[in-house]
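Letter by letter, the chains look like this.
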2 protein chains.
Amino acid sequence: MLHNTRDRSYAVPRIHFHQQLADLKDRLLAMAALAQQAVESAVDAYCNFDDGLCQYVRENETAINLAQREVDEMAYDLLAKEQPMAVDLRFILAVIKINGDLERIGDQAMGIARRTRELLETDRPELPVDIAQMGEQACRMIRTSVLALLDGDAQVADTVLTMDDEIDDLNRDAQRTLLGKIQESPECAEHALLAIMVSRSLERIADHATNIATDVIFWIRGADLRHQLSMAE
Amino acid sequence: MLHNTRDRSYAVPRIHFHQQLADLKDRLLAMAALAQQAVESAVDAYCNFDDGLCQYVRENETAINLAQREVDEMAYDLLAKEQPMAVDLRFILAVIKINGDLERIGDQAMGIARRTRELLETDRPELPVDIAQMGEQACRMIRTSVLALLDGDAQVADTVLTMDDEIDDLNRDAQRTLLGKIQESPECAEHALLAIMVSRSLERIADHATNIATDVIFWIRGADLRHQLSMAE
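Analysis parameters
Residues numbered from 1 in each chain as written. Chains lettered and ligands numbered in written order. Predicted model: local features only at pLDDT ≥ 70, side-chain atom pairs only at ≥ 80, totals over all residues. Heavy atoms only, no water. Helix = DSSP H or I, 4+ residues; strand = E, 2+ residues; numbered from the N terminus. Buried < 20%, exposed > 50% of the residue type's maximum accessible area, 1.4 Å probe, protein only. Contact = heavy atoms within 4.5 Å. Areas by Shrake-Rupley, 256 points an atom, 1.4 Å probe, with all protein chains shown as cover. Salt bridge = Lys/Arg side-chain N within 4 Å of Asp/Glu carboxyl O. Lys, Arg positive; Asp, Glu negative; His and termini not counted.

Participant: Looking at this structure, I do not really get the overall build of chain A. What am I missing?
Facilitator: Per the secondary structure count, chain A includes seven helices and zero strands. In chain A, the succession of helices and strands from N to C terminus is α-α-α-α-α-α-α. Going through the 233 residues of chain A one by one, you find that 54% of them count as buried. Of the contacts formed within chain A by residues at least 6 apart in sequence, a portion of 83% connects residues at least 24 apart. Split by element, the accessible area of chain A, about 10,600 Å² in all, is 50% carbon and sulfur.

Participant: Help me understand the pattern of salt bridges, please; the structure alone is not making it clear to me.
Facilitator: Here the idea is simple: oppositely charged side chains can pair when their charged atoms come close. The tally for this structure, following the rule as stated, stands at 16 salt bridges over all chains. Here aspartate 101 of chain B ties to arginine 104 of chain A by a salt bridge, and the two come within 2.7 Å at their closest N and O atoms. Of this pair, aspartate 101 of chain B sits in helix H3 (residues 86-118) while arginine 104 of chain A sits in helix H3 (residues 86-118), placing the two residues on different chains. The same class applies to aspartate 101 of chain B and to arginine 104 of chain A, which are both buried.

Participant: Help me out: how do you make sense of the side chain of arginine 200 of chain A in this one?
Facilitator: One can find arginine 200 of chain A in helix H6 (residues 189-221). Summary of buried charges: arginine 200 of chain A has no salt-bridge partner, and the nearest side chain of opposite charge, glutamate 203 of chain A, is 5.1 Å away.

Read these as geometric descriptors, not functional statements.
The following block contains the structure:
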């Protein structure tokens with residue numbers, strides 16, 4: 001009888017703890033949805049020179065910053081009160097890092113919207129760059145890394161790492177082509193520079209998605225994948 | 001007698017734990033020294049078009065990446081084995097975040113060196129921008145945030161937050177002046193674009209120093225200062 005009581009008193013907090021972990025994951029996924037929406041809206045705002053969307057990205061950023069605080073506080077509380085071990089500890093640490101990357105994705109989206117806004121009233125030259133395509137690739141990487149987190153699937157996370165090379169190539173091509181355009185038509189310099197900055201922001205957003213994927217891998221496999229490539233060079 | 005023995009058996013692991021915390025701090029400070037050296041060398045490499053320094057930054061980055069892993073592993077081990085509470089838990093979480101920011105400072109320095117290298121063999125036009133001054137300001141911010149960490153001094157950390165506004169202004173001025181230069185002398189476009197990218201990297205390095213300062217404040221005061229400005233807007 002005493003034994004049963006003990007078992008139950010142990011089981012209740014464990015269920016409670018796993019419920020809290022599930023809540024933390026849900027909150028992080030909501031944060032990820034906000035970050036992804038920020039990137040999609042910022043790219044649309046740039047492609048269509050849409051002031052309303054720029055404003056939307058700004059409001060969205062406030063929501064992202066609030067969400068980041070909440071996720072961090074939940075994670076800290078769990079660490080302080082539950083003292084989790086092994087895979088649960090790795091999960092909470094991964095959440096803290098992923099949360100930081102999602103907030104930085106929001107920052108980059110905000111930077112795209114802010115710069116777009118500065119040029120709203122000017123003429124828009126035709127530029128030899130496909131920002132929409134780069135935006136889609138960056139969003140695909142965020143989506144895939146979040147899916148890997150949702151399903152706890154390290155193999156899905158692996159695919160994000162290879163996608164990162166593609167966007168690096170797109171960014172390098174964009175920078176080269178746009179520099180040529182500036183030299184050929186200096187009157188386009190302001191818009192071409194904006195496009196270079198947007199391209200670079202998308203490449204950095206892709207880097208953050210890659211960080212999220214490596215954090216998912218760290219959580220699941222317990223391995224630290226960062227810098228393996230640079231160490232192998 | 002029994003009481004004394006108990007006291008000692010409690011004291012030994014605590015001393016051991018605090019020694020481990022001190023070791024973690026020392027390791028993080030060594031990591032900070034590497035990151036600061038990377039920025040100084042990258043700015044020198046850019047200002048003097050020095051290939052040797054570009055190479056040095058590259059080697060330094062490998063050392064930074066290794067150091068980051070070590071710091072992270074030490075922090076994770078402490079969390080898993082010692083289950084620290086309150087101020088110690090906040091310190092270890094701050095270390096994990098600061099470690100990430102230092103690694104990103106190294107990345108930005110590496111980006112400056114990589115771009116500088118691409119232009120080593122070309123003519124160097126006189127450009128209306130003081131990258132050395134921006135570099136000094138960014139390094140001052142890293143130094144000050146690390147000092148705040150070393151002394152556990154939140155007031156010193158506060159000063160970094162105000163320094164960030166100055167470098168934002170310098171970056172904005174540099175971007176505007178260099179865009180004017182590109183429009184006026186398109187043959188300088190490649191170098192002016194490099195200068196714009198370097199200026200932007202230094203501004204991002206300053207952002208990371210600001211993140212470090214807010215993490216120090218979080219550790220000491222237990223308050224989360226992030227986004228207070230954006231929320232007050």
